[in-house]
Amino acid sequence: MAIAFLSAERSKDPNRQVGACLVSQEGIILGIGYNGFPRGCSDDKLPWAKKSASGDPLETKFPYVVHAEVNAILNTNHASAAGQKLYVTMFPCNECAKIIIQSGVSEVIYFVEKKIDNSAHVYVASHKLLSMAGVKVRKHQPQMAQIPIKFQEP
Ligand SMILES: Nc1nc(=O)n([C@H]2C[C@H](O)[C@@H](COP(=O)(O)O)O2)cc1CO
Ligand SMILES: [Zn+2]
């Protein structure tokens, strides 16, 4: 989970940085991701806004951003995500849940579940899909409040 948090720091989304880390059953790191625009799609040309003044959805980030979970699964250095565990700083949306299920991930460990009224159905659907597909879901219980990183010679 700490690696998912560290990965989130790399996101350029000014409103919400999300990170994910895919690990094997034994805890070996297989893939890391954060929310961002697709490869080759410039942050200078696409908007990070949540709302546009004109009301045009194409002037918001939503149609373009790749979620952290999808990036972690696609960035894997392993042939398949089957039977693996996905650590994610935020509970996955329904679209990510579909990809998590289809890629064969067997467990999702999340840090926080965002509760936003107008998107509540997204998370109800996500829970429903993950539960129907038999993907284990649990909230991370941190053993410590922080992990300081010092850049100095050991
Ligand atoms: N699990 C998630 N993984 C993600 O990568 N995200 C990303 C997509 C957007 O870039 C941002 C959410 O933006 P906002 O609606 O909080 O301004 O976080 C969001 C969630 C929450 O479901
Ligand atoms: Zn998602």
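No experiment lies behind these values; they were computed from the predicted model shown.

A separate point is the overall build of the protein. Along the backbone of the protein there are four helices and five strands. Helices and strands in the protein line up, N terminus first, as α-β-β-α-β-α-β-α-β. What you see for the protein is a C-alpha radius of gyration of 16 Å, in line with the 15 Å of a compact globule of 154 residues. Its C-alpha atoms put the protein at 50 × 50 × 30 Å along the principal axes. Split into buried and exposed, the 154 residues of the protein put 27% on the buried side. Residue pairs at least 24 apart in sequence account for 61% of intrachain contacts in the protein once pairs closer than 6 positions are excluded.

By nearness alone, 18 residues border ligand 1, and Arg16, Val18, Asn35, His67 and Ala68 come closest of all. Residue assignment for the shell around ligand 1 shows that the elements contributing at least two residues are helix H2 (68-74) and strand S3 (85-90). Here the shell around ligand 1 is built from residues that sort into nine nonpolar, three polar and six charged.

Among all positions in helix H3 (residues 94-103), only Cys96, Ala97 and Ile100 are buried. The buried residues of H3 occupy an angular sector of 105° when projected down its axis, which confines them to one face. A positive phi of about 90° marks glycine 104, the residue just after H3.

Before going further, it helps to spend a moment on the UniProt feature "binding site: Zn(2+)" (unreviewed entry) in the protein. UniProt annotation of "binding site: Zn(2+)" (unreviewed entry) refers to His67, Cys93 and Cys96 when read in the numbering used here. Despite a sequence span of 30 residues, these residues sit close together in the fold, their greatest C-alpha distance being 8.9 Å. Exposure remark for cysteine 93: the 16 C-beta atoms within 10 Å place this residue in the partly exposed category. If we skip the residues at most four places from it in the chain, cysteine 93 touches His67, Val122 and Ser126. Take cysteine 96: it is sitting in helix H3. The class of cysteine 96 is buried, set by 26 C-beta atoms lying within 10 Å.

Under the UniProt annotation, the feature "active site" (unreviewed entry) is placed at Glu69. Positionally, glutamate 69 belongs in helix H2. Glutamate 69 has contacts with Ala20, Gly33, Leu86, Val88, Pro92, Cys96, Ile99 and Ile100, leaving out every residue within four places of it along the chain.

Counting residues in hydrophobic clusters, the biggest one holds 27 residues, and the most contacted among them are Ala20, Cys21, Leu22, Ala72, Leu86 and Val88. When contributions to this core are tallied by element, the ones reaching two or more residues are helix H1 (2-8), strand S1 (19-23), strand S2 (29-34), H2, S3, H3 and strand S4 (107-112). Residues within four places of alanine 72 in sequence aside, it is in contact with Ala20, Cys21, Leu22, Gly31, Ile32, Gly33 and Leu86.

Cut-off values and rules
Residues numbered from 1 in each chain as written. Chains lettered and ligands numbered in written order. Predicted model: local features only at pLDDT ≥ 70, side-chain atom pairs only at ≥ 80, totals over all residues. Helix = DSSP H or I, 4+ residues; strand = E, 2+ residues; numbered from the N terminus. Rg over C-alpha atoms; globule rule 2.2 N^0.38 Å. Buried ≥ 20, exposed ≤ 12 C-beta atoms within 10 Å, placed from the backbone. Contact = placed C-beta atoms within 7 Å. Near = placed C-beta within 6 Å. Nonpolar A, V, L, I, M, F, W, Y, C, P; charged D, E, K, R; others polar. Arc of directions from axis to C-beta. UniProt positions renumbered as here; feature names shortened; annotations may be inferred. Core = buried A, V, L, I, M, F, W, Y, C linked by C-beta atoms within 7 Å.

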